[in-house]
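# Notes for the structure review
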Amino acid sequence: MRSTIEVNGLRKRYGRTTALDGMSFTVGPGKVTGFVGPNGAGKSTTMRVVLGLDAADEGTALVSGRPYAALRRPMFHVGALLDAAAAQPSRTARNHLLWLAHSQGLGAGRVDEVIELVGLRSAARRRVGGFSLGMRQRLGIAAAMLGDPPVLMFDEPSNGLDPEGIVWMRGFLRSLAAEGRAVLVSSHLMSELQDTADHLVVVGRGRVVADTSVAGLIAAASLDRVTLRTSARSAAVTALTRAGAAVADTGHGALGVTGLAAERVVALLNDDAVPFTEVSAHRATLEEAYMHLTRDAVEFRAAVPGVAQGTGRGQEAAR
Amino acid sequence: MSTGIAAPARSEPRAGRHDFAHLLRAEWTKFRTVRGWVIGMLAAALVVVLLGLLSASGNHSSCDSGPVETSCPAVPVGPDGEAVADAFTFMHRPLAGDGAITVRVTSLTGIITYPPPDHDEIVPGVVPWAKAGIMVKESTRQGTAYAAVMVTGAHGVRMQHDFTQDTAGRPGGVTAESPRWLRLVRSGDTLTGYESADGTSWTEVGTARPAGLPSTIQVGLFVTSPGDLTVKQADLGGSIEQVRFTQASAVFDHVGLQGDTPSGAWSRDVVGSSGTTDWERFHRANGVQESGGTFTLSGSGDIAPRMDGQTIERTLTGALTGLILVVVVAVMYIAAEYRRGLIHTTLLAEPRRGRVLAAKALMIGAVTFCATLPAVVVTVVVGERILRANGNYILPVSALTEVRVLIGVAALLAVAAVLALALGVVFRRGVAAVVTAVVVIVVPHVLATTSVLPDSAAQWLLRLTPAAGFAVQQSVPEYAHVLGHYAPQAGYYPLAPWAGFAVLCGYTAAALGLALLRLRRADA
C-alpha cells in the first residue's frame with residue numbers, strides 16, 4: 001500500500017466562486033510536503049475534499065490509493081488536523097480522544113499514549129473549553145495520531161502556538177517524515193515551512209502554481225537581480241538592454257537589472273565606459289519566490305504597498 | 001525529537017462487522033462525557049416522576065351517603081378483568097344445561113331526569129343505550145359472565161355478552177304496533193341470539209361464548225338504563241361531564257322457556273342498584289310488575305364496561321414536560337457538533353454518513369428509553385398507590401396493557417428524541433430544531449387535550465401530527481356501545497395505541513430520511 005495523497009484535477013465551485021480549478025499534486029512518503037498559498041487559494045478546500053468532507057465537482061482525491069469514503073477505520077490510514085476549535089468545550093481532552101479512539105476500536109491505552117506524545121498530560125482531564133489555541137492544536141494532533149497512520153494532513157498546525165510550540169511542531173513534523181510517513185502541512189506563510197518542508201506545493205486561485213523542492217522553487221522564480229547606481233542612466237540603460245537585460249527604475253536613484261549576472265553588467269558598462277558608483281547582486285529569498293509565484297493569485301491584495309511589509313521588494317523586482 | 005512511535009502504520013484491528021458497534025460505543029462515550037446532556041436526560045426522567053407523583057397526591061376522591069362520607073362501594077370486575085357497570089332489574093330462574101328463552105317486547109319507555117337544555121324537569125323518554133331483553137347469566141353476582149339479546153333506546157336490536165362484546169341486529173325501536181320478539185338459545189357453551197317481528201320467522205343476531213358459563217345458569221328478562229351524559233365546555237379549557245339518573249320500563253309477554261327449569265315463581269332482583277333517588281322512592285321503584293302473563297320491568301344502570309375512574313396513565317402527566325427536556329438534549333447532542341465543527345471530526349472517524357446518523361439515532365433513542373423507562377415504571381407504580389390511598393378508583397387493566405403503557409411511554413420519549421435529532425441534522429441549528437420539534441409534538445397535544453379546540457379538531461390533530469404517538473398511553477379503550485365523552489381531553493385518542501405510535505414513527509422515519517439526504521448531499 002502506498003503512503004500517499006494523490007490529488008488529480010479537482011474542480012469545485014461555490015456559486016460563482018471557483019474554489020478549486022484543476023488542483024493536482026501528489027504527496028509522497030518519508031517527507032514533509034508544504035502546502036502553501038495565500039488565504040483563499042483552495043488549501044483547506046482541497047484537504048476537505050481529500051478527507052471526504054466536501055465533494056468535488058470534478059477530479060479525484062485518493063489516500064493510499066483509495067477514496068477516503070472507502071477507507072474502513074480511516075484513522076488508521078490518515079490522520080488529519082483541520083480545525084483545532086472543533087471540540088465540545090465541556091468535554092475533557094482525554095474524553096474527546098476517548099470517543100475518537102472508541103470509534104476506531106481503540107482503547108484508553110492508546111489515548112494516554114497520544115496525550116503523552118503531544119505533551120498534554122497535565123491538561124488531559126481539563127475541559128477543552130479552557131484550552132488555548134495552542135493546546136487545542138496539540139489536542140488535534142493527538143487525535144490525528146490515534147490510529148498511528150502512515151499519512152498525515154495538518155491544516156495550519158502552527159496557528160496559535162507559542163515560539164516553543166512552533167519549535168516543537170517543526171521537530172515533530174520532521175520526525176513523522178523520518179519515520180517514513182507522508183506528511184502534508186498547509187500554511188499561508190512560507191516562513192513557517194521553509195525550515196520544515198522537503199517539498200513544496202504552491203497554490204493560488206485553486207490550482208498548483210509550483211510543485212518543487214525548496215531549492216527548485218527559488219531557482220524557478222529567477223528573481224536574481226542586480227542593483228545599479230550611475231550618473232549616466234540613459235547610457236547604462238542603452239548598453240544593458242542591448243545585451244538583453246530588463247532595466248527598471250527602482251527609485252532612490254537606483255536601477256534594477258534582471259536577466260544578467262553582476263559580472264556581465266560590470267563588463268558591459270566598462271566596454272561602453274559608462275560610469276557607475278555601485279553594482280550589487282541580490283539573491284531572492286524563498287519568501288520572495290513565493291510572493292512572486294502567488295502574486296497573481298492573491299485575491300485581496302493590500303491596496304497600499306507599504307502595508308505588505310517585507311514583501312514589497314519581491315513585487316517591485318518583478319515589475 | 002522523538003515521537004515515541006517505533007514504526008508507522010500501527011496494526012489495524014480487524015475491521016468489518018464490529019465497526020458499527022465501535023461507532024455506537026463512540027457515540028455513547030460522546031454522550032456520557034458531556035455532563036450537561038447527562039444531567040438533562042436525568043432531569044427529564046426526574047420530571048416524569050415528580051410531576052406525576054405531585055399530580056397523583058393532589059387527586060382526592062370520596063363517596064358520600066347524604067351528608068356522610070363513606071367508603072366507596074367496590075367496583076365489579078368483568079370476566080376479562082375490566083371494571084364494569086352491572087346494574088339492572090332481572091326476573092330470572094335457573095336453567096340447567098341446554099335450553100332457550102323466548103319473549104315478546106311490546107314497549108320500551110322511561111324517564112330522563114333534568115335533561116338539557118335547562119336541566120329543570122323530568123321528562124319522559126329513553127336514552128339511546130337503554131336496554132330491555134333476555135339474558136343468561138352465570139349468577140346474579142355483579143361482573144359474572146352473561147349473554148343477552150335486547151332492544152335498545154336508539155340502537156335497535158343488539159346481542160351483547162361479557163360487557164365488552166356487542167353485535168348489532170335490526171335497527172328500529174319497539175312499540176305496541178311493531179313489537180319485537182327475542183330468543184336466546186343455549187347449546188353447550190354457545191349462546192345464539194335471534195329476533196323476529198312476528199314470532200314465527202326468526203333471524204339470527206349473533207352467537208356468543210361467554211367466559212366459563214357453568215352448566216346451571218340464570219335465565220330471564222332484564223331492563224336497565226344508563227345515566228344521561230351531558231358534556232359542557234368549561235371556561236378556558238376543560239369540560240364538565242354530568243350524568244343524570246334515568247329509568248327505563250319495558251313490557252314483556254309471551255314468555256317461553258325450554259329446557260330444564262324448575263317450575264314456580266320467578267326470582268326478582270334489582271342487581272347493583274342503590275335505589276336512593278327521589279324518583280325511585282316516590283314515583284316508581286325499580287322492579288317487576290306482573291299482570292296475567294305480562295311483565296313490566298323497570299330498571300336503571302348499565303351492563304357495560306365502566307368508564308368512570310382514574311386511569312393509570314393519569315400518573316404520567318409529567319411525560320409531556322419530560323419530552324420537552326428530552327427533545328432539548330437530543331437536539332443539543334447533534335447541534336453542538338455543527339456549532340463546534342465537531343461534525344467534521346465525527347465524519348473523519350466514519351465517512352459513511354448513513355452509519356453516523358444511524359449510530360446517533362440509535363444511541364439517543366436507547367439512552368432516552370433506558371433513562372425514562374425506570375422513571376415511568378416508578379411513577380405509575382407509586383402513583384397508583386398514592387391515587388388509591390387518596391380514595392381514587394383506578395380502572396383496572398390487564399398486565400399486558402400496563403406493560404404496553406409503560407414501555408410505550410418510554411418508547412414515545414425515545415422516538416421523540418430521534419425525531420428531534422433528525423430535525424437537528426436537517427436544520428443544523430439548535431433553536432430551530434427544538435422549536436420545530438416542540439411545535440409538531442408538544443403543541444398539538446396541548447391544544448388537543450386542553451379543549452381550546454372543538455373535539456373533532458382535537459381528534460384530527462391527534463391523527464395527523466406526531467402527537468398521535470401519545471395514544472400509546474391510553475389504557476382503557478373506547479367502546480362504541482357505551483356512551484361516553486371520548487375526547488382527547490378525557491384521555492381518549494382517536495387512533496389505537498400502536499397506530500398512534502406508528503404515526504409518530506412514520507414522521508420520525510421521514511425526518512431521518514431528510515436528515516440523511518441533507519447529510520449526504522451537502523458538504524459537511
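Residue positions are given per chain, counted from 1 along the sequence in the order it is written. Chain A is the first chain written and ligand 1 is the first ligand written, with later ones labelled in order. Local features are withheld for residues below a pLDDT of 70 in this predicted model, meaning they are given only at 70 or higher, and side-chain atom pairs are given and counted only at 80 or more; totals for whole chains, interfaces and linings count all residues. With hydrogens and water set aside, each side-chain value is computed from the structure's full complement of heavy atoms.

Moving on: the overall build of chain A. Strands here mean DSSP runs of E at least two residues long; helices mean DSSP runs of H or I at least four residues long; both are numbered from the N terminus. What chain A contains, in helices and strands, is 11 helices and 13 strands. Burial classes follow relative accessibility: with a 1.4 Å probe on protein chains only, a residue under 20% of its type's maximum area counts as buried, one over 50% as exposed, and anything between as partly exposed. Expressed as a percentage of the 319 residues in chain A, the buried residues total 52%. Counting only contacts in chain A whose residues sit at least 6 apart along the sequence, the fraction spanning at least 24 positions is 69%. Note that accessible areas follow from Shrake-Rupley with a 1.4 Å probe, and for residues the cover is restricted to the protein chains shown. With an accessible surface of roughly 13100 Å², chain A has 51% of that area assigned to carbon and sulfur atoms. Any two residues whose heavy atoms approach within 4.5 Å are treated as being in contact.

On to the overall build of chain B. Along its length, chain B carries 10 helices and 20 strands. C-alpha atoms define the radius of gyration, and 2.2 Å times the number of residues to the power 0.38 defines the globule rule. Here chain B has a C-alpha radius of gyration of 30 Å; the compact-globule value for 524 residues is 24 Å, and the former is much larger. Overall, chain B is about 120 × 50 × 40 Å in size when its C-alpha atoms are taken along their principal axes. For chain B, the residues scored as buried account for 50% of the 524 residues in total. Considering only intrachain contacts with a sequence separation of at least 6, the fraction spanning at least 24 residues in chain B is 74%.

Here Lys-360 of chain B shows up in helix α6 (residues 353–389). Contact partners of Lys-360 of chain B, with chain neighbours within four places excluded, come to Glu-27, Lys-30, Tyr-333, Ile-334, Glu-337, Thr-346 and Leu-421 of chain B.

Before going further, it helps to examine the packing of aromatic side chains. Between the rings of Phe, Tyr and Trp (Trp by its six-membered ring), a pair exists once the centres lie within 6.5 Å; its type follows the angle of the planes, with under 30 degrees stacked, over 60 edge-to-face, and the other angles tilted. For the structure shown, the criterion picks out 12 aromatic pairs over all chains. Look at Trp-266 of chain B and Phe-295 of chain B: their rings are 6.5 Å apart centre to centre, the planes differ by 75°, and that puts the pair in the edge-to-face class. Separated by 29 residues along the polypeptide, Trp-266 of chain B in the loop between β16 (246–260) and β17 (267–271) and Phe-295 of chain B in strand β19 (residues 294–299) bring together distant segments of the chain. A residue is classified by how much of its surface remains accessible, and Phe-295 of chain B, at 6% relative accessible area, is buried. Every member of this aromatic cluster is reached through a ring pair, and the members are Trp-28, Phe-31, Trp-37 and Tyr-333 of chain B. We note Lys-30 of chain B situated over the ring of Trp-99 of chain A; from NZ or CZ to the ring centre the distance is 4.1 Å. Note on criteria: charge over ring means Lys NZ or Arg CZ within 6 Å of the ring centre, with the direction from the centre no more than 35 degrees off the ring normal. Here the basic side chain of Arg-183 of chain B rests over the ring of Trp-202 of chain B, its NZ or CZ set 4.3 Å away from the ring centre.

Here we come to the sheet that holds strand β7 (residues 182–187) of chain A. All names here are of chain A. The criterion for strand pairing is that DSSP finds at least two bridges linking the strands in question. Spatial ordering of the open sheet is given by β5-β6-β7-β3-β8-β9, a layout of six strands whose pairing is mixed. Taken across any chain shown, the strands that pair with only one partner, and hence form the sheet edges, are β5 (78–81) and β9 (207–213). Sheet twist, expressed as the average angle between the axes of neighbouring strands with direction ignored, equals 15°. Direction of pairing for strand β6 (residues 151–155) relative to β7: parallel, over a ladder of five bridges. Across the sheet, Phe-154 pairs through a bridge with Val-185, a residue of β7. Here an axis means a line fitted to C-alpha atoms, over the contact stretch when the element is a helix, while the angle between two N-to-C directions is reported on a 0 to 180 degree scale.

Time to look at the domain arrangement of chain B. Residues and elements named next belong to chain B. Bear in mind that the domain bounds are from an automatic or database domain assignment. Entries for chain B in the domain assignment read domain 1 (19–58 + 310–521) and domain 2 (84–305). For domain 1 and domain 2, the distance between their C-alpha centroids amounts to 44 Å. Between domain 1 and domain 2, the residue contacts involve 11 residues of the former and 15 residues of the latter. Interface area lost by domain 1 to domain 2 is led by His-481, Leu-483 and His-485, which between them contribute 53%. By definition, a salt bridge exists where a carboxyl oxygen of Asp or Glu is found within 4 Å of a side-chain nitrogen of Lys or Arg. Viewed at the interface, domain 2 and domain 1 are joined by zero salt bridges. Side-chain atoms alone can form a polar contact between residues adjacent in sequence; in general such a contact is a pair of N or O atoms within 3.5 Å, and within protein one must be able to donate a hydrogen while the other accepts it. Our enumeration of links across domain 1 and domain 2 arrives at two residue pairs in polar contact (both at pLDDT 80 or more). All residues other than Ala, Val, Leu, Ile, Met, Phe, Trp, Tyr, Cys, Pro, Asp, Glu, Lys and Arg, Gly among them, are scored as polar; the first ten of these are nonpolar and the last four charged. A breakdown of the residues in the side of domain 1 that touches domain 2 according to their chemical character gives five nonpolar, six polar and no charged. As used here, buried area is the combined drop in accessible area, with a 1.4 Å probe, of two parts when they are placed together.

With that settled, the discussion passes to the domain arrangement of chain A. Segmenting chain A into domains produces domain 1 (5–211) and domain 2 (224–282). One C-alpha centre belongs to domain 1 of chain A, the other to domain 2 of chain A, and the line joining them spans 47 Å.

A word on empty space enclosed by the protein. Note on definitions: the grid is 1 Å and covers protein atoms alone; a cavity is a set of points where a 1.4 Å probe fits but cannot get out; a pocket is an open set with protein on both sides within 12 Å along at least five of seven lines; lining residues have an atom within 4 Å of a point. Grid points are joined across faces, edges and corners, and a volume is the space filled by probe spheres set on the points. On inspection of all chains with the given rule, the structure shows four cavities of 30 Å³ or more. Roughly 260 Å³ of volume is contained in the largest cavity. Along the wall of the largest cavity there are 23 residues; nearest its centre are Ala-80, Leu-81, Gly-140 and Ala-143 of chain A together with Thr-345 of chain B. When residues of the lining of the largest cavity are traced back to their parent elements, those giving at least two are β5, α2 (93–103) and α4 (133–145) of chain A together with α5 (342–349) of chain B. For the lining of the largest cavity, the element with the most residues is α4 of chain A, which contributes five residues. Class assignment for the residues of the lining of the largest cavity results in 15 nonpolar, six polar and two charged. Examining the composition of the lining of the second largest cavity, we find that three residues originate from one element, helix α1 (residues 19–32) of chain B, more than from any other. Classifying every residue of the lining of the second largest cavity gives five nonpolar, three polar and five charged.

Taken as a whole, chain A shows an average pLDDT of 85; of its residues, 89% reach a score of 70 or greater. Scored from 0 to 100, pLDDT reflects the predictor's confidence in each residue. Segment residues 299–319 of chain A is flagged for pLDDT under 50; beyond a separation of four residues in sequence, or across chains, it makes 15 contacts in the model.

Let us now look at the packing of helix α2 (residues 35–57) of chain B against α6 of chain B. Residue and element names in this part refer to chain B. Across the interface, α2 lies against α6 with an axial gap of 9 Å and an inter-helix angle of 15°. By the angle class used here, α2 and α6 are roughly parallel. In this structure, α2 meets α6 at a crossing whose hand is right-handed. Of the residues in α6, those in contact with Met-41, Ala-45, Val-48, Val-49, Gly-52, Leu-53, Ala-56 and Ser-57 of α2 are Ile-364, Val-367, Thr-368, Ala-371, Ala-375, Val-376, Val-378, Thr-379, Val-382, Gly-383, Ile-386 and Leu-387. Geometric relationships in this document are graded by angle, where less than 35 degrees denotes roughly parallel, more than 145 denotes roughly antiparallel, 65 to 115 denotes roughly perpendicular, and other angles denote oblique. Crossing handedness: left-handed means the near helix sits turned counterclockwise from the far one by under a right angle, and right-handed means the same turn made clockwise.

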